[in-house]
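Chain residues, written in single-letter form:
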There are 4 protein chains.
Amino acid sequence: MSPNRPGRPRDERVDAAILQATRVLLAEAGYAGLTVAAVAARAGIGKAAIYRRYATKQEMVFAATMHGAQVPQPPDTGSLRADLRWLAATITGMIGAPGVGGVLGGLLADMEDEAVATAMRGFAALERATIALILDRATARGELPAAPDPAFVHAVMMGAIFARLHVFGEGDREGFADDLASTVAGGLIHPAGGLPRQGDGTATPG
Amino acid sequence: MSPNRPGRPRDERVDAAILQATRVLLAEAGYAGLTVAAVAARAGIGKAAIYRRYATKQEMVFAATMHGAQVPQPPDTGSLRADLRWLAATITGMIGAPGVGGVLGGLLADMEDEAVATAMRGFAALERATIALILDRATARGELPAAPDPAFVHAVMMGAIFARLHVFGEGDREGFADDLASTVAGGLIHPAGGLPRQGDGTATPG
Amino acid sequence: MSPNRPGRPRDERVDAAILQATRVLLAEAGYAGLTVAAVAARAGIGKAAIYRRYATKQEMVFAATMHGAQVPQPPDTGSLRADLRWLAATITGMIGAPGVGGVLGGLLADMEDEAVATAMRGFAALERATIALILDRATARGELPAAPDPAFVHAVMMGAIFARLHVFGEGDREGFADDLASTVAGGLIHPAGGLPRQGDGTATPG
Amino acid sequence: MSPNRPGRPRDERVDAAILQATRVLLAEAGYAGLTVAAVAARAGIGKAAIYRRYATKQEMVFAATMHGAQVPQPPDTGSLRADLRWLAATITGMIGAPGVGGVLGGLLADMEDEAVATAMRGFAALERATIALILDRATARGELPAAPDPAFVHAVMMGAIFARLHVFGEGDREGFADDLASTVAGGLIHPAGGLPRQGDGTATPG
DNA sequence: TACTAAGCGAGACGGTACGTCCCGTCTTGTT
DNA sequence: AACAAGACGGGACGTACCGTCTCGCTTAGTA
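Quick caveat: nothing in here was measured; it's all calculated off a predicted structure. (Residues numbered from 1 in each chain as written. Chains lettered and ligands numbered in written order. Predicted model: local features only at pLDDT ≥ 70, side-chain atom pairs only at ≥ 80, totals over all residues. Heavy atoms only, no water.)

Notes on the overall build of chain A
So, point 1. Summing up its helical and strand segments, chain A has 9 helices and 0 strands in all.
So, point 2. Secondary structure elements of chain A occur, N-terminal to C-terminal, as α-α-α-α-α-α-α-α-α.
So, point 3. The buried share among the 206 residues of chain A stands at 50%.
So, point 4. Counting every atom, chain A has about 9,200 Å² of accessible surface; 56% of that belongs to carbon and sulfur. (Helix = DSSP H or I, 4+ residues; strand = E, 2+ residues; numbered from the N terminus. Buried < 20%, exposed > 50% of the residue type's maximum accessible area, 1.4 Å probe, protein only. Areas by Shrake-Rupley, 256 points an atom, 1.4 Å probe, with all protein chains shown as cover.)

Here is the structure:
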């Protein structure tokens, strides 16, 4: 931690080699087929160098796949629907790669590890900030009477994409992102029977 | 398979004991803590009896948690929103139990096993029939000009619920199902910018 | 047991098929590679038909390899040495086949099974009667002052042959039987330092 | 192998613990009742530590019971008969313990494993050197005209003892070693009908 | 220049689960 | 009641992986 602590400093090439080897092997063998020993061998390092950095295999995988995956700033397209369209494409780009389903699944299975769960939540918060920005813009623009809960929109957008790609194993059908953006935007603007807004319980007339 | 094949027939009580013990131990120890040997011990049977039925631990878990989980008939509530509200509650009831996230995640991680993937898809088809019924009713009722793709609605509904509960680890917030039903129903009825219908590429005016 | 007991009588072809299949598979796979299921399959019968006849796999193997192996009458060659030479050749013929070492070893390893041990002893008694006959003849002939303990001679003759062939894995060297017969006969006739006779403790002067 | 190969070196205490635990459990449960898992548990180590050293259970047992069992130097008693008497007692001490029959039998049954067979032969060579020494002394002493084949004497001595104790299951009768030494010594000195010497085919007159 | 502290590759360690195999018994329907 | 077929409870096998722990060596900063 401290920059000048005694002893030999960590070798940054080792850090990079671990993450790189993890990604390569995830692509080759999938999450279930990934072993720490194989990562070490592929990276040309010892297992101890991995465990000095990550407490568990899951943390290593998380670091290699999620960590630092930053959400880009959304372009202000001028409409909620187009903004959500961009968001859908962005999320698809992040979690759409084959193998990601297995990785996320594996992390999910081990999410009883509180460490992994916390990291996952931290990553979610990043995406939410972006979503909040999109929703605030739409509200300012007058498309929405009040900003809905970003967590709700996040769950719908990301969940739908994840389910289609990785749960049902269906490819990225042309137009899915369009449909999703149109439906969610439409539903937020015209909720059937009223959609309670964040922080208030009143219904919004359709 | 055939009713009168030679030899001692499978003992149905063994089938039941395996599934029951699997469910109990999943609840007790979670997916990661589940052991085939423990299932056998709890069921009072031998490991061979399990492996005679399921090739891997994953298939056993799938059978115990997914297989035969039949989707009930949707009540005709008279409105798409209320039907989707019922659907959201039903899905939540099916996948909302704590631990299911780990199970689904574990299955996902092993979904490179084509067997598990196929079984998953088969299960999805069941839910889709129910969704198609709901959408057809809404169309007949005049709420929707044409029935949307059930697979799309399925992905949105199930994905949103799964993401909220198991990816983000947020509890079943009061009103989440309401919001989801309102938003999706509203979005299907009034898609922003037009929503292509199944089998045609034309946009429907909002 | 009783000739006219009720029910279907045992099928003698099954008895033969079991023993035959056991011998074939012993030759093919050795004792360690022998399984009851394989014997049943090869014999075209069910496992139960085997266990109806033999309580354990060991008993089956014993029956297939040892049982009924009757020791032929020794020709009266006129000299102890020649009689023992014949005995050595006979024993070699009985236990010399490749694979017999493994069978005997396996039986030995399971000889804590009292049943197998008893059967083994019963078989030994047969050989001993033959040896006793040879020794009695030599005594009557005047070659020996008194008949030595047949068990002793049995152990020496059979043990030497077994050790050479199966413990040390040396082939049936030409002349080994000659040497053995000459040495044992010579030693019985001229024991160094005196050899106590059966039933008396006195030494016989050389 | 090489003294300075990389990595953590084998722990010699683990080697010792394995062999010790194997011997203890062989005495307690016999060869058939011996389990690798039980050895590991008793030794307080993991199964992998055993399989890192021995490819199979049989190799482990061999190492624990045979390997390094060194034959002591024979005292020069002054007579072949007394030397063989000492040899008989020594062999009895080595293979006479109850349970050794099962062990040797089990090893024999698995001797199709070439590894075990080779190891067995290596062990035999040790004993033979001792026997060769005894026979050479007797030859030098003038008791024998020429040294017989040590392998022959080895087979007779060891085979007789093994057969008596473990094949026929007879205890170590008082005097058996005496009889054996007297007979073999007498037979070597006065072979009936001539005993071909090592390397020549001529008969020695009695 | 030496000393100290930590990092490094390599791989052994205790532990645990896997999926396979076999034993000896039991349960079908058939002969 | 014996038969062929094969499922059953039980349990050992040998493999694989996890996360920890030594080895001997290297690489900095400190004295």
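Topic: the relation of the copies chain C and chain D
Between the two copies of the chain lies a relationship made up of a rotation around an axis and a movement along it.
So, point 1. Note on the identical chains: chain C maps onto chain D by a rotation of 179 degrees and an axial translation of 0.0 Å, with an RMSD of 0.5 Å. On this basis, the relationship between the two copies can be described by a two-fold rotation axis.
So, point 2. Take the interface residues of chain C: 98% of them recur as interface residues in chain D, which is what a same-surface contact looks like. (Least-squares fit on C-alpha atoms with pLDDT ≥ 70 in both. Contact = heavy atoms within 4.5 Å.)

Considering the UniProt feature "DNA-binding region" (unreviewed entry) in chain A
So, point 1. Listed under "DNA-binding region" (unreviewed entry) in the UniProt record, and renumbered for this structure, are residues 35-54 of chain A.
So, point 2. Helix makes up 65% of residues 35-54 of chain A and strand 0%. Its end C-alpha atoms lie 14 Å apart. (UniProt positions renumbered as here; feature names shortened; annotations may be inferred.)

Some points on the protein's contact with DNA strand F
So, point 1. Contacts to DNA strand F come from 49 residues, most closely from R52 and R53 of chain B, R52 of chain C together with R8 and Y51 of chain D.
So, point 2. Looking at DNA strand F alone, sugar and phosphate atoms form 68% of those within 4 Å of the protein.
So, point 3. Between DNA strand F and R53 of chain B, the relevant distance is 2.7 Å, taken from a phosphate oxygen to a side-chain nitrogen or oxygen of the residue.
So, point 4. R8 of chain D has a polar side-chain atom sitting 2.7 Å from a base oxygen of DNA strand F.
So, point 5. Counting residues per element, the ones that place at least two in the surface near DNA strand F are α2 (36-43) and α3 (47-51) of chain A, α3 (47-51) of chain B, α3 (47-51) of chain C together with α2 (36-43) and α3 (47-51) of chain D.
So, point 6. Partitioned by chemical class, the residues of the surface near DNA strand F number 21 nonpolar, 10 polar and 18 charged. (Near = heavy atom within 4 Å. Polar contact = N/O pair within 3.5 Å; in protein donor to acceptor, adjacent residues only side chain to side chain. Nonpolar A, V, L, I, M, F, W, Y, C, P; charged D, E, K, R; others polar.)

Re the interface of chain B and chain A
So, point 1. Residue-level contacts link 52 residues of chain B with 53 residues of chain A.
So, point 2. Interface area for chain B against chain A, summed over the two sides, is near 3,800 Å², with a carbon-plus-sulfur share of 68%.
So, point 3. By the criterion of area lost to chain A, the three top residues of chain B are F152, F168 and T183 of chain B, representing 17% of everything that side buries.
So, point 4. Inspection of the chain B/chain A interface yields 2 salt bridges.
So, point 5. Taken together, the connections running from chain B to chain A amount to 8 residue pairs in polar contact (both at pLDDT 80 or more).
So, point 6. Of all elements in the fold, only α6 (100-109), α7 (114-141), α8 (150-167) and α9 (176-189) of chain B reach the threshold of two or more residues within the side of chain B that touches chain A.
So, point 7. A total of 13 residues in the side of chain B that touches chain A trace back to one element, the largest contributor, which is α8 of chain B. (Buried area = accessible area lost by both parts, 1.4 Å probe. Salt bridge = Lys/Arg side-chain N within 4 Å of Asp/Glu carboxyl O.)

Remarks on helix α6 (residues 100-109) of chain C
So, point 1. Across the 10 residues of α6 of chain C, 10 count as buried, placing the element largely inside the fold.
So, point 2. Turning to α6 of chain C, its buried residues number three or more, namely V100, G101, G102, V103, L104, G105, G106, L107, L108 and A109 of chain C.

What to know about the interface of chain C and chain D
So, point 1. In this complex, chain C contributes 53 residues to the contact, which on the side of chain D involves 52 residues.
So, point 2. In terms of surface lost to chain D, no three residues of chain C exceed F152, F168 and T183 of chain C, which account for 17% of the buried area on that side.
So, point 3. For the pair chain C and chain D, the interface holds 2 salt bridges.
So, point 4. Connecting chain C to chain D are 8 residue pairs in polar contact (both at pLDDT 80 or more).
So, point 5. Broken down by element, the residue count for the side of chain C that touches chain D peaks at 13 residues, all from helix α8 (residues 150-167) of chain C.
So, point 6. Residues belonging to the side of chain C that touches chain D are distributed by class as follows: 27 nonpolar, 16 polar and 10 charged.

Section: the protein's contact with DNA strand E
So, point 1. Taken together, 50 residues form the shell around DNA strand E, and within it I45 and R52 of chain A, Y51 of chain B together with R52 and R53 of chain D come nearest.
So, point 2. Atoms of DNA strand E within 4 Å of the protein: sugar and phosphate make up 67%, bases the balance.
So, point 3. At 3.5 Å, a side-chain N or O of R10 of chain A approaches a phosphate oxygen of DNA strand E.
So, point 4. A distance of 3.0 Å is found between a phosphate oxygen of DNA strand E and a backbone nitrogen or oxygen belonging to V36 of chain C.
So, point 5. Those elements giving two or more residues to the surface near DNA strand E turn out to be α3 of chain A, α2 (36-43) and α3 of chain B, α2 (36-43) and α3 of chain C together with α3 of chain D.
So, point 6. The class makeup of the residues in the surface near DNA strand E is 21 nonpolar, 10 polar and 19 charged.

A look at the packing of helix α9 (residues 176-189) of chain C against helix α9 (residues 176-189) of chain D
So, point 1. Close contact between α9 of chain C and α9 of chain D brings their axes to 6 Å; oriented N to C, the two are set at 110 degrees. Between α9 of chain C and α9 of chain D, the angle falls in the class roughly perpendicular. Facing α9 of chain C, whose interface residues are T183, V184, G186, G187 and L188 of chain C, α9 of chain D presents T183, V184, G186, G187 and L188 of chain D.
So, point 2. In terms of residue class, the contact of α9 of chain C with α9 of chain D is made up of 4 nonpolar, 6 polar and no charged. (Axes fitted to C-alpha atoms, helices over the stretch in contact; angles between N-to-C directions. Parallel < 35°, antiparallel > 145°, perpendicular 65-115°, else oblique.)

Digging into the relation of the copies chain B and chain A
So, point 1. Superposing chain B onto chain A takes a rotation of 178 degrees plus a shift of 0.1 Å along the axis, which leaves an RMSD of 0.5 Å.
So, point 2. Of the interface residues in chain B, 100% have counterparts in chain A that sit at the interface too, so the contact is made through matching surfaces.

Things to note about the pattern of salt bridges
So, point 1. By the definition in use, this model includes 40 salt bridges over all chains.
So, point 2. Between R137 of chain D and D76 of chain D there is a salt bridge, with the nearest N and O atoms lying 3.7 Å from each other. Of the two residues, R137 of chain D sits in helix α7 (residues 114-141) while D76 of chain D sits in the loop between α4 (57-65) and α5 (80-95), which places them 61 residues apart along the sequence.
So, point 3. When salt bridges that share partners are traced, they join D76, D83, R137, R141 and E143 of chain A into one network.

Comments concerning the confidence of the model for chain A
So, point 1. The predicted model of chain A averages 86 in pLDDT, with 90% of residues at 70 or higher.
So, point 2. Across residues 195-206 of chain A the pLDDT falls below 50, and counting only partners more than four positions away or on other chains, this stretch makes 25 contacts in the model. (pLDDT = per-residue confidence, 0-100.)

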